[in-house]
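The residues making up each chain are set out below.
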Amino acid sequence: MNLIVAVDKNWGIGKNNKLLVSIPADMKFFRETTSGRVVVMGRKTLESFPNGLPLKNRTNIILTKNKDYHVKDAIVLHSVEEVMKELEQYEEEDIYVIGGDSIYRQFLPYCKVAHVTRIDHAYEADTFFPDLDAQEEWEVTGISEEQTYFDLEYRFYRYEKKK
């Protein structure tokens with residue numbers, strides 16, 4: 001299982017249920033990487049999308065504690081165990097955890113690859129991703145050339161869980 005996230009210098013990922021910054025090349029990487037695949041997210045992440053609608057051309061799996069929550073064109077489940085059972089029917093490499101912070105934390109132990117866009121700027125954030133550099137079981141296996149978007153510098157990192 002994979003995860004995909006954009007983080008700032010402090011591993012911040014969002015504020016007030018919004019991304020810290022929207023970088024077109026990062027959005028394109030996200031679209032191309034997850035298109036035709038399975039995405040796992042929390043209810044708040046889904047509701048942060050345009051019109052709160054599931055992502056097109058993907059199997060959307062939503063995890064929420066709210067038993068009355070229903071979304072057209074998405075699979076709504078209510079526990080990590082239910083999600084893991086549902087995911088058994090898909091190829092592991094086709095599954096991407098896409099947020100938010102509590103979903104990342106719950107599924108990180110099951111992920112083998114992390115695609116992390118690291119933005120060289122510290123934003124004011126209220127949600128954070130675990131610092132993979134501080135976790136012994138994760139190692140960097142790829143780093144892109146430095147990219148820029150206006151005055152922001154960022155790189156695409158690939159982390160893999162050590163075997």
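Please refer to the structure higher up on the page.
(A) Examining the sheet that holds strand S3 (residues 18–19) more closely. Read across the sheet, three strands follow the order S3-S2-S9 without closing on themselves; strand pairing throughout is antiparallel. Unpaired on one side and paired on the other, S3 and strand S9 (127–128) mark the two borders of the sheet. Both strand S2 (residues 12–15) and S9 contribute to a ladder of two bridges, which runs antiparallel. Paired with Gly12 across the bridge in S9 is Phe128.

(B) A look at the pattern of salt bridges. Enumeration according to the criterion identifies 10 salt bridges in this entry. With its nearest N and O atoms 3.5 Å apart, the salt bridge here joins Lys28 to Glu32. You can see Lys28 and its partner Glu32 sitting in helix H1 (residues 24–34), four residues apart, about one turn around the helix. A residue is classified by how much of its surface remains accessible, and Lys28, at 43% relative accessible area, is partly exposed. Glu32 sits in the exposed class, given a relative accessible area of 53%. As a salt-bridge pair, Lys112 and Glu92 come within 3.3 Å of each other at their nearest N and O atoms. Taken together, the residues Lys112 in the loop between helix H4 (101–107) and strand S8 (113–119) and Glu92 in the loop between helix H3 (80–87) and strand S7 (95–99) connect sequence positions 20 residues apart. Classification of Lys112 by relative accessible area gives partly exposed; the value is 46%.

(C) View of the nonpolar core. Judged by nonpolar contacts, the single largest core of 28 residues is most densely connected at Leu3, Val40, Val97, Phe107, Val116, Phe129 and Leu132. Discounting chain neighbours no more than four positions away, the residues touching Val116 are Val5, Val7, Trp11, Leu132, Arg155, Phe156, Tyr157 and Tyr159. Formed by 13 residues, the second largest nonpolar core is a distinct cluster that contains Ile4, Val39, Tyr69 and Tyr96.

(D) Geometry of H1. Those residues of H1 that sit buried are Asp26, Phe30, Thr33 and Thr34. For H1, the arc enclosing every buried residue in end-on projection is 80°, short of the 170-degree limit, so these residues lie on one face. Considering only its buried residues, H1 is in contact with strand S1 (2–7), strand S4 (38–42), S7, S8 and strand S12 (152–161). Looking at the residues trailing H1, positive phi occurs at Gly36, about 75°.

(E) Region of interest: the packing of aromatic side chains. Inspection of every chain in the model, using the stated rule, returns eight aromatic pairs. Pairing Tyr149 with Phe150 gives two aromatic rings, centres 4.8 Å apart and planes at 65°, and the pair type is edge-to-face. By relative accessible area, Tyr149 is classed as partly exposed at 27%. Centroid distance Tyr154 to Phe156: 5.7 Å. Interplanar angle 85°. Geometry classified as edge-to-face. Note on Tyr154: relative accessible area 4%, which makes it buried. Take Phe156: its relative accessible area is 18%, and that puts it in the buried class.

Cut-offs applied
- Residues numbered from 1 in each chain as written.
- Predicted model: local features only at pLDDT ≥ 70, side-chain atom pairs only at ≥ 80, totals over all residues.
- Heavy atoms only, no water.
- Pairing = 2+ DSSP bridges.
- Helix = DSSP H or I, 4+ residues; strand = E, 2+ residues; numbered from the N terminus.
- Salt bridge = Lys/Arg side-chain N within 4 Å of Asp/Glu carboxyl O.
- Buried < 20%, exposed > 50% of the residue type's maximum accessible area, 1.4 Å probe, protein only.
- Core = buried A, V, L, I, M, F, W, Y, C linked by side-chain atoms within 4.5 Å.
- Contact = heavy atoms within 4.5 Å.
- Arc of directions from axis to C-beta.
- Phe/Tyr/Trp six-rings, centres within 6.5 Å; stacked < 30°, edge-to-face > 60°.

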